[in-house]
Every structure is written in structure tokens, then in C-alpha cells.
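# Structural features, examined
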Amino acid sequence: MKTPTSSFKVFLAFFILGVISGLTLTVLSTWADLEAAYYGFARRAGSGLTGLSCPILMTANETNAISIKVTNPTDGKLSPAVRTEISTPAVALLFTDYVELQPGESAVKQWEIGPENVDLDRFIFAKVLVYASYPIPDRENTCGVYIVNLPGKGIVITWVMVFVSLFGMGAGLYGLSRSKDPEQSGAEIARQLIFLAVVVILGLITVYMGWWIQGILTLVIALLFSVIASGLMINRGKL
């Protein structure tokens, strides 16, 4: 039969596992996007570009693709050029494509990436520039892909990490909140840890949105709160 103390530690371990999984994914994604932003691609536009989609993780021998969705929000026909650079260990590959868009129409352009695009040992970088087409100015954005030395596919690893994060934090908080210890400290700690869980979830959102600046912010907040929460639990003799 489990004692209240052993149950507390089991559920706390679930929560910690969920936090570690979520923060690890946030770190890898943020790291890749940060490296892409400072990789050395020439800056040619002053406006940001939305619609750029890159894999979050890929395995060493995997082939995947990056894509950009270009939309015409105006009342007239647009014919913008799309300039794409993709990393290699030597010189970045350059592609130029042209799209014709009727009012309200969207088009998706896609480029294959694989082991030949890996640079700095563990990343694939891409930059997409959509040239101005009046009245829309030049727009550009970058993204990075982190290469993991594991079998399988990056998307499977990504979703496993997301599942472990959400399930671990959810099960941990549920178990802690129903702790039967006389002081009811488990329920109180669970309420305090809800904030950390929210920060981790926000970090996962930044992963899928490609917001590396916000990703860094969530990582800093999560680290600071983790230190504070650990100190409180050590003082209470829970760790």
C-alpha cells in the first residue's frame, strides 16, 4: 500500500516529466529558429512574412519539406516573386518562383529538405522572401529545423513529446490535488504548479507558431519559477 508521501512523489515525478518534455521541445525549436535568424541570410525586407511552415524536428536521414502560403488580400491581381534560400554545408541553395494570385486567392509553394541541407551539425535553415507587389511591400521570414539522432520521423517524436508533456503535467496536477496527506500540502503545491504548467503550454504554442523570441521568454519564466517552486518544496521537506 502506498503511503501519502510515496504517492506525492509519484505524481510529482509525472509532473516533472511533463515539464521536462515540454521545455525540451521548446528549447530545441527555439534554438533552431534563433540560429536561423542569425545564420547569415542577407536581410532584404523590413516587414515580417507569415505563412512560412517548417518541420520542428527531423531525424538525420529523413526527408521533409518547408512551405509558404502566399495570399492576395487585395482587390486586384498580384504576381509576386518568391525567393527561397535553404542551407547546405557549403553555399545556401537559392530558388526563385513566381505566383499569380487573383483577389482573395492563396497559393502554396513547397521545397524539399533532407540530409544534404544539414549545417552546423544539427540544423536545417531556410529563409523565404516574397518581393513587393503593390500595395504589399517586401516581406521575409526565417525558420530552423533541429536534427535529432534518433530513428523514425521527426513529426512522431514531436507529437510524442507533446503528449508526454500534457499527459504528465495533467496527471501530476490531478494526483497532487487529491493528495491525502494531513497537511493538504499536495493540493496547495498543485495550485502553485498550475502556473508552471501554463507557462510550459505557452512554450509549446510558441513552438508551433515559430515565435522564438516569445519562446525564450517562456523558457526564462519557467526556469525561474522552477527554481522557486523547488526551493519551497525543499523547505517543506517534500524533496
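Quick note: structure is the one above.
Residues numbered from 1 in each chain as written. Predicted model: local features only at pLDDT ≥ 70, side-chain atom pairs only at ≥ 80, totals over all residues. Heavy atoms only, no water.

### Here's the deal with the overall build of the chain
Regarding its fold elements, the chain presents four helices and nine strands. Secondary structure elements in the chain, listed N-terminal to C-terminal, are α-β-β-β-β-β-β-β-β-β-α-α-α. In terms of C-alpha radius of gyration, the chain reaches 22 Å, well past the compact-globule figure of 18 Å for 239 residues. Over its C-alpha atoms, taken along the principal directions, the chain stretches across nearly 70 × 40 × 25 Å. Counting the 239 residues in the chain, one finds 44% classified as buried. Within the chain, contacts between residues at least 6 apart in sequence are counted, and of these 73% link residues at least 24 apart. Just so you have it, the chain exposes about 12,900 Å², and 63% of that area is on carbon and sulfur atoms. Each charge class in the chain was averaged separately, 17 positive and 17 negative side chains, and the resulting centres sit 11 Å apart. (Helix = DSSP H or I, 4+ residues; strand = E, 2+ residues; numbered from the N terminus. Rg over C-alpha atoms; globule rule 2.2 N^0.38 Å. Buried < 20%, exposed > 50% of the residue type's maximum accessible area, 1.4 Å probe, protein only. Contact = heavy atoms within 4.5 Å. Areas by Shrake-Rupley, 256 points an atom, 1.4 Å probe, with all protein chains shown as cover. Lys, Arg positive; Asp, Glu negative; His and termini not counted. Charge placed at Lys NZ, Arg CZ, Asp CG, Glu CD.)

### Focus: the sheet that holds strand β4 (residues 64–71)
Taking strand neighbours across the sheet as the criterion, the three strands line up as β2-β4-β7 in an open arrangement whose pairing is antiparallel. Since the sheet does not close on itself, it has two edges, and those belong to β2 (52–53) and β7 (106–113), each with one partner. (Pairing = 2+ DSSP bridges.)

### A look at unusual backbone geometry
Along the chain, Tyr 134 connects to Pro 135 via a cis peptide bond; the corresponding omega equals 10°. Its location among the elements puts Pro 135 in the loop between β8 (123–130) and β9 (139–148). Positive phi outside glycine occurs at Leu 120, with the angle close to 55°. Positionally, Leu 120 belongs in the loop between β7 and β8. Leu 120 gets classed as partly exposed once you look at its relative accessible area, which sits at 43%. For Asp 121, which is not a glycine, the phi torsion comes out positive at approximately 75°. Secondary-structure assignment places Asp 121 in the loop between β7 and β8. Given the relative accessible area of 73%, Asp 121 is considered exposed.

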